[in-house]
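Observations on the model geometry
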Amino acid sequence: MVGLHPLPAFRMSTAIQRLAIVVNPNKPGAQKLAEYLTSEAIRLGLTCDTTIDYPIAAGFLEGKDACCVIGGDGTLLGVVAEAVRFQVPAMGVNLGKLGFMATFTEAEARQRFSQVLAGDYRVVARSLIECSSSSGGRVLVLNDVVVKDASNRLVGLEVLANGRLVNEYYCDGLVFATPTGSTAYNLSAGGPIVHPSAQVIALTPICPHTLSNRSVIFDHETVLGVVLCEENATAQVIMDGHHHFEKPNDFPLQIKIAAKSFPLIQHRNFSHFELVRSKLNWRAQPSIE
């Protein structure tokens, strides 16, 4: 992985002419908001294609300038593969709970949508993890790769960095998180919050048998290997919430920072730590008694 260049902080934004809208119909108000945004886009002369399917169909984003995702972070994960494939920036409108990636509220979407369509936005590049199995599978991951025993028992996993042993972990599982995913399962497991512009992988053990086992941060040039310590062990690999590799011959796994990134639309005045303070209920300033 040597030679991977740091991701650009921002990408130039342009006016949007061809728009895709992805709607999670299970979110209250999503359909109504989609109808409003679609009518606004058509009023401004854009071509607009809408779907309620996520993950979205292969090729749905081909030729599009941007994609508006209405639902939440889970809905947004359903467009990642195609958005990365065609490098189509995605605008997430949060109708769910946390919304660390879907950063537009419904009110902001209604207020700012015409400005975004005119090019008043910024595109940030979110790093991805590339996870490969020994049997030939390969998946790009925006949030995290989680390795657990298939029967939810204690699992023994050996982790190597560039071919050298890091540690043998005996735990409920391991979380390999991107900076974007650091506020998801990684945070719940006691891992660190990582700034989204960093190109690193955060490794966090889940309920480790040895209490001295803590999170480890690996840089963008590190290639990780994950080996099952017991020959007859079975493990499941969950990537962005979906099961993928579950066969013994899928191990060892290889995990590294991907060469491609996920383009995410934010409004120009977006503040990452303002979002974190809001979602995690941090104090904006210390209280004075």
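Before any of the text, the structure's been laid out above.
Analysis parameters
- Residues numbered from 1 in each chain as written.
- Predicted model: local features only at pLDDT ≥ 70, side-chain atom pairs only at ≥ 80, totals over all residues.
- Heavy atoms only, no water.
- Helix = DSSP H or I, 4+ residues; strand = E, 2+ residues; numbered from the N terminus.
- Rg over C-alpha atoms; globule rule 2.2 N^0.38 Å.
- Buried < 20%, exposed > 50% of the residue type's maximum accessible area, 1.4 Å probe, protein only.
- Salt bridge = Lys/Arg side-chain N within 4 Å of Asp/Glu carboxyl O.
- Pairing = 2+ DSSP bridges.
- Right-handed = clockwise from strand over helix to strand, strands pointing away.
- Arc of directions from axis to C-beta.
- Expected span 1.5 Å × (residues − 1).
- Phe/Tyr/Trp six-rings, centres within 6.5 Å; stacked < 30°, edge-to-face > 60°.
- Lys NZ or Arg CZ within 6 Å of the ring centre and 35° of its normal.
- Core = buried A, V, L, I, M, F, W, Y, C linked by side-chain atoms within 4.5 Å.
- Contact = heavy atoms within 4.5 Å.

Re the overall build of the chain
Of the regular secondary structure elements, the chain holds six helices and 16 strands. In terms of overall dimensions, the chain is globule-like: its C-alpha atoms have a radius of gyration of 20 Å, near the 19 Å expected for 289 residues. If one aligns the C-alpha atoms of the chain with their principal axes, the spans along those axes are about 60 × 60 × 40 Å. For the chain, the residues scored as buried account for 51% of the 289 residues in total.

Examining the pattern of salt bridges
All chains considered together, the criterion is met by nine salt bridges. Residues Arg 268 and Asp 120 are paired through a salt bridge, measuring 2.8 Å at the closest nitrogen-oxygen approach. Pair noted here: Arg 268 is in the loop between strand S16 (253-266) and helix H6 (272-280) and Asp 120 is in the loop between helix H4 (106-117) and strand S5 (122-132), with a separation of 148 residues, a long-range link. Judged by its relative accessible area of 34%, Asp 120 is partly exposed. The network of salt bridges with common partners includes Glu 130, Arg 138 and Lys 256.

Considering unusual backbone geometry
In the segment running from Tyr 54 into Pro 55, the intervening peptide bond is cis, with an omega of 5°. Residue position: Pro 55 is located in the loop between strand S2 (47-51) and strand S3 (66-71). In this chain, Phe 251 is followed by Pro 252 through a cis amide linkage whose omega measures 0°. Its location among the elements puts Pro 252 in the loop between strand S15 (242-243) and S16. A positive phi angle, close to 50°, is found at Gln 87, a residue other than glycine.

Quick look at the pairing of S2
Pairing of strand S1 (residues 18-23) with S2 involves five bridges; the strand directions are parallel. The residue of S2 that forms the bridge with Val 22 is Thr 51. Taking the sense of rotation as the criterion, the β-α-β connection linking S1, helix H1 (residues 30-43) and S2 turns out right-handed.

Quick word on H6
All of the buried residues in H6 are His 272, Leu 275 and Val 276. Across the axial projection of H6, the buried residues extend over an arc of 100°, all falling on one side. Two residues or fewer after H6 comes Asn 281, characterised by a positive phi angle close to 60°.

Observations regarding H4
The terminal C-alpha atoms of H4 lie 16 Å apart, and with twelve residues this matches the ideal 16 Å at 1.5 Å per residue to within 8%. Residues of H4 that are buried: Ala 109, Phe 113, Val 116 and Leu 117. For H4, the buried positions fall inside an angular range of 85° around the axis, keeping them on one side. Along H4, exposed side chains directed more than 90 degrees from the buried face belong to Ala 107 and Gln 111.

Comments concerning the sheet that holds strand S14 (residues 235-239)
Strand order in the open sheet formed by six strands is S12-S11-S10-S7-S14-S15, with antiparallel pairing between adjacent strands. The strands lining the two open edges of the sheet, one partner per strand, are strand S12 (216-218) and S15. When strand S7 (residues 144-149) meets strand S10 (residues 173-177), the two strands line up antiparallel, connected through five bridges. Bridging from a neighbouring strand, Val 145 pairs with Phe 176 of S10.

So, the packing of aromatic side chains
All told, the structure shown has zero aromatic pairs when counted by the stated rule. Over the ring of Phe 60 we find Lys 64, and its NZ or CZ is 5.4 Å from the ring centre. Between the NZ or CZ atom of Arg 110 and the centre of the ring of Tyr 36, over which it lies, the distance is 4.8 Å.

A short note on the nonpolar core
Within the largest apolar cluster, 28 residues are counted, with the highest numbers of intra-cluster contacts made by Val 145, Phe 176 and Ile 255. It is strand S8 (residues 155-161) that contributes the most residues to this core, four residues altogether. In this structure, Val 145 is in contact with Ile 129, Cys 131, Leu 174, Val 175, Phe 176, Val 237, Ile 238, Met 239 and Ile 255, ignoring residues within four places of it in sequence. Membership of the second largest hydrophobic core comes to 25 residues, among which are Ile 21, Ala 34, Leu 46 and Phe 104.

Topic: the environment of Glu 221
Residue placement: Glu 221 occurs in the loop between S12 and strand S13 (224-228). Once the C-alpha coordinates of Glu 221 and Asp 149 are considered, the two residues, 72 residues apart in sequence, prove to be 28 Å apart.

Observations concerning the environment of Ile 206
Looking at the secondary structure, you find Ile 206 in strand S11 (residues 201-206). Measuring from C-alpha to C-alpha, the distance between Ile 206 and Glu 106 comes to 35 Å, with 100 residues separating the pair along the chain. Apart from the residues lying within four places of it in its own chain, the contact partners of Ile 206 are Val 146, Lys 148, Cys 171, Asp 172, Gly 173, Leu 174, Val 175, Tyr 185 and Ala 189.

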